[in-house]
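Tertiary structure, described
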Amino acid sequence: MAKKILVISGSPVKGGNTDLLVKWFAGGARSKGAKVEIVRAAFLKYGANGCISCRACQKIAKYECVINDEAKPVLAKMAQVDVIVMATPLYFYSSSAQLKLVMDRMFSLYKWDNKAGTMATPLKGKTFALIASAFEDVGLDTLEKSFAITADYSGMKFKSLLVPNAGESGDIKNNSAIRRKAIAFGRNL
Ligand SMILES: Cc1cc2nc3c(=O)[nH]c(=O)nc-3n(C[C@H](O)[C@H](O)[C@H](O)COP(=O)(O)O)c2cc1C
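Residues numbered from 1 in each chain as written. Predicted model: local features only at pLDDT ≥ 70, side-chain atom pairs only at ≥ 80, totals over all residues. Heavy atoms only, no water.

**So, the overall build of the chain**
For the record, the criterion: Strands are runs of DSSP state E lasting at least 2 residues, helices are runs of H or I lasting at least 4, and numbering of each runs from the N terminus. In this setup the radius of gyration rests on C-alpha atoms only. A globule is expected at 2.2 Å times the number of residues raised to 0.38. Three exposure classes are used, based on accessible area relative to the maximum for each residue type with a 1.4 Å probe and protein chains only: buried under 20%, partly exposed in between, and exposed over 50%.
A tally of regular secondary structure across the chain gives five helices and seven strands. Secondary structure of the chain in N-to-C order comes out as β-α-β-α-β-α-β-β-β-α-β-α. Its C-alpha radius of gyration of 16 Å places the chain within 12% of the 16 Å reference for a compact globule of 189 residues. Across the 189 residues of the chain, 45% fall into the buried class.

**Some thoughts on the packing of aromatic side chains**
The cut-off we apply is this: Only rings of Phe, Tyr and Trp enter the pairing, Trp through its six-membered ring, and a pair is recorded when the two centres are within 6.5 Å. The plane angle decides the type: under 30 degrees is stacked, over 60 is edge-to-face, the rest tilted. Charge-over-ring placement is defined geometrically: NZ (Lys) or CZ (Arg) within 6 Å of the ring centre, and within 35 degrees of the ring normal.
Counted by the stated rule, this structure contains five aromatic pairs. Between Phe-107 and Trp-112, the aromatic rings sit 4.7 Å apart at their centres with planes inclined by 40°, giving tilted as the arrangement. By the ring-pair criterion, three or more aromatic residues cluster together here, those being Phe-107, Tyr-110, Trp-112 and Tyr-153. A cation sits over an aromatic face here: Lys-111 above Tyr-63, 5.1 Å from the ring centre.

**Topic: the environment of Thr-118**
Heads up, the rule is: Note on definitions: a residue-residue contact is assigned when non-hydrogen atoms from the two residues lie within 4.5 Å.
Within the secondary structure layout, Thr-118 lies in strand β5 (residues 118-120). The class of Thr-118 is partly exposed, set by a relative accessible area of 42%. Separated by 79 residues in the primary sequence, Thr-118 and Val-39 place their C-alpha atoms 31 Å from one another. What Thr-118 contacts, discounting residues up to four positions off in sequence, is Lys-111, Trp-112 and Asp-113.

**Quick notes on the pairing of strand β6 (residues 127-133)**
The condition is simple: By the convention used here, strands pair only if DSSP detects at least 2 bridges between them. We call a crossover right-handed when, viewed with both strands directed away from the observer, the connection leading from the first strand over the helix to the second proceeds clockwise.
The buried count for β6 comes to seven of seven residues, which makes it a mostly enclosed element. Judged by which residues are buried, β6 turns out to be covered on both faces: Thr-127, Ala-129, Ile-131 and Ser-133 on one side and Phe-128, Leu-130 and Ala-132 on the other are all buried. One ladder, built from seven bridges, connects strand β3 (residues 83-89) with β6; its direction is parallel. Looking at the pairing, Ile-84 lines up with Phe-128 of β6. Looking at chain direction, β6 and strand β7 (residues 157-163) are connected through seven bridges and run parallel. Each bridged residue has a counterpart across the sheet, and for Leu-130 the counterpart in β7 is Ser-160. You can see the chain leave β6, run along helix α4 (residues 140-154) and come back into β7, and the turn it takes is right-handed.

If you want it as structure tokens, here you go:
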């Protein structure tokens, strides 16, 4: 069966470095038969400013965010695919705020029983991948660590494609070495 890949892309820039990396990645993955869906977090219509810690998701049986907006079905899809990819430019040594608007609402994909000390999640067994670029060669490792820990905590495998020295938005457009790397990352995933 074809592998299902959901890419949540967090750059607000159309045609920028994140867009290019995601396009190349998706091309590589599709060439191997994967079904790839790309969601742009910066252009969804939100009913709240990220996770508002209402914890209503912890009181229902379903793994679902109770906020009814365009992010809700994206979160539901995360529980259904084989591979979740998050793509972001490095913003002050972290991910973009636009990506965090969706990412923090992954809270709804876990059920915690703090008394029993247990956690359950449908994310277990999936692959979690990070695609990130930065102007400089400082800080992508810091960003990567938070994603790697999240994957480990959730029982997901972790993979990353980090592109330092990527310049400003769109600067990697004619960089064939980076393009080849991104395509290969998609093929291998
Ligand atoms: C708000 C903001 C913060 C940034 N912070 C960093 C940073 O901390 N380190 C860095 O190397 N580049 C930083 N950059 C540069 C971007 O990470 C880099 O140009 C990236 O490749 C842009 O991707 P995009 O075209 O998809 O937006 C920042 C850019 C912006 C707009």
